[in-house]
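A closer look at the structure
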Amino acid sequence: MPVKCPSCDNSLKVSQLKCDRCSTEITGNYDLPLFLKLHKEEQDFIMDFFLASGSIKEMARQAGNSYPTMRNKMDDMIEKIKQMR
Amino acid sequence: MMVLKDYLFNPVKFLPDRVQTGMSLFFVAGAILINYCGKTIQDGIYHTGFLSDSAPGLLVVSTLLVFLLPSALLFIAGKTFNKGTRFIDLWNSFVFSMVPLLLVNILSASLLNEAAATQLAVATNAGVPDDAGLLVRIAILGVIGLPCFIYSIVLLVNGYKTATNAKKTPHYIWMGLAIIAAEIIYRLFLYPSLINYFTK
């Protein structure tokens, strides 16, 4: 799902939601949840962290990287999310 | 090719932690062995001298200190801006960065000996040494030693960057200060104390 405007790179907002069963449409101007504002790789990283029971060591093992590399990625993402909030 | 390059210039980033620690212990043991066989000793963090009748205990303790002291100071430097810095990562980074210099030590021990080093020290004050063979061996050491030293610095900077998540210039200034402080502390205080202690 795109999270940035391809024209001006501004954050996108949700303007329409639709029910697949009864075709009800809701229009408005909703902010995307913080998680969805992240890029796909960042979302995957957080999901992997969750699935590894919050173990950076385990994530590093799965990704074939060292612990400090994975921890640095995590620190950078924490910093980014703090700024987004 | 890209992966090989990454491994060559920043092994700390990719090798699993246990492999790194195992390799670093192996390299430290290798450094002690090189010093023992080559009758050399680390009289500075980045300098090796000849000492023909050194006690094995002196070799072990001096070599361990040469690795431990800079790692500890780099760890303190990293802690100042990143609380998550671990000692083991800086130990591994520093040991890996010393590997090219261990190769130079092997070469130095096989090309030179204590008599040649003494002759060189005397000749440095008096002018060019007379021994042509010695000049050739020094030239070979210089040609191989310089790239190895640059490679060592590259490994140290990349390892430090990975271990501490350093991004800004002040972070690297801390690194430089830690290395300079380690060299000064070791050369001026620790090495003379070790020599005194083991030659009593």
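Residues numbered from 1 in each chain as written. Chains lettered and ligands numbered in written order. Predicted model: local features only at pLDDT ≥ 70, side-chain atom pairs only at ≥ 80, totals over all residues.

Looking at the overall build of chain A
What counts is decided by this rule: Per the convention used, a helix needs a DSSP run of H or I reaching at least four residues, while a strand needs a run of E reaching at least two, with both numbered from the N terminus. Our radius of gyration looks at C-alpha atoms and nothing else; its globule reference is 2.2 Å times the residue count to the power 0.38. As a rule, residues whose C-beta atom has 12 or fewer other C-beta atoms within 10 Å are exposed, those with 20 or more are buried, and those in between are partly exposed; C-beta atoms are placed from the backbone. Here contacts are defined at the residue level, using C-beta atoms placed from the backbone and a cut-off of 7 Å between them.
In terms of helices and strands, chain A carries four helices and two strands. Along chain A, helices (α) and strands (β) appear in the sequence β-β-α-α-α-α when read from the amino end. In terms of C-alpha radius of gyration, chain A reaches 17 Å, well past the compact-globule figure of 12 Å for 85 residues. Along the first, second and third principal axes, the C-alpha set of chain A runs to 50 × 30 × 20 Å. Evaluated residue by residue, chain A yields a buried proportion of 12% over its 85 residues. A separation of at least 24 residues holds for 24% of the contacts in chain A among residues at least 6 apart in sequence.

Focus on the interface of chain B and chain A
The following threshold applies: Each residue gets one of three labels, nonpolar for Ala, Val, Leu, Ile, Met, Phe, Trp, Tyr, Cys and Pro, charged for Asp, Glu, Lys and Arg, and polar for the others, Gly among them.
The interface is formed by twelve residues belonging to chain B together with nine residues belonging to chain A. Ranked by residue count, the leading element in the side of chain B that touches chain A is helix α2 (residues 11–14) of chain B, at three residues. In terms of residue class, the side of chain B that touches chain A is built from five nonpolar, four polar and three charged.

Here's the deal with the confidence of the model for chain B
Here is the rule: Values of pLDDT, the confidence the predictor places in each residue, fall between 0 and 100.
Of the residues in chain B, 90% reach a pLDDT of 70 or more, and the chain-wide mean stands at 88. Scoring of the predicted complex yields 0.85 for pTM and 0.77 for ipTM.

What to know about the packing of helix α5 (residues 87–111) of chain B against helix α7 (residues 132–164) of chain B
Residues and elements named next belong to chain B. Here is the rule we go by: Angles run from 0 to 180 degrees between N-to-C directions of axes, and those axes are lines fitted to C-alpha atoms, restricted for helices to the stretch in contact. What sets the label is the angle itself: under 35 degrees gives roughly parallel, over 145 gives roughly antiparallel, 65 to 115 gives roughly perpendicular, and the rest give oblique.
At a closest axis distance of 8 Å, the pairing of α5 and α7 adopts a crossing angle of 175°. Taken as axis vectors, α5 and α7 run roughly antiparallel relative to one another. Across the contact of α5 with α7, the residue classes tally to 20 nonpolar, six polar and two charged.

Quick notes on the environment of Asn29 of chain A
Looking at where Asn29 of chain A falls in the secondary structure, it is placed in strand β2 (residues 25–30). Distance from Asn29 of chain A to Gln16 of chain A, taken between C-alpha atoms, is 7.9 Å for residues 13 residues apart in sequence.

Remarks on the nonpolar core
Residues and elements named next belong to chain B. Note the following rule: Put simply, a nonpolar core is a cluster of buried Ala, Val, Leu, Ile, Met, Phe, Trp, Tyr and Cys residues tied together by C-beta atoms within 7 Å.
Ranked by internal contacts, the top residues of the largest apolar core, which has 31 residues, are Leu74, Phe94, Met175 and Ala178. Every element with two or more residues in this core is listed here: α3 (17–38), α4 (56–81), α5, α7 and α8 (169–198). Excluding residues that lie within four positions of it along the chain, Leu74 makes contacts with Leu90, Phe94, Tyr160, Met175 and Ala178.

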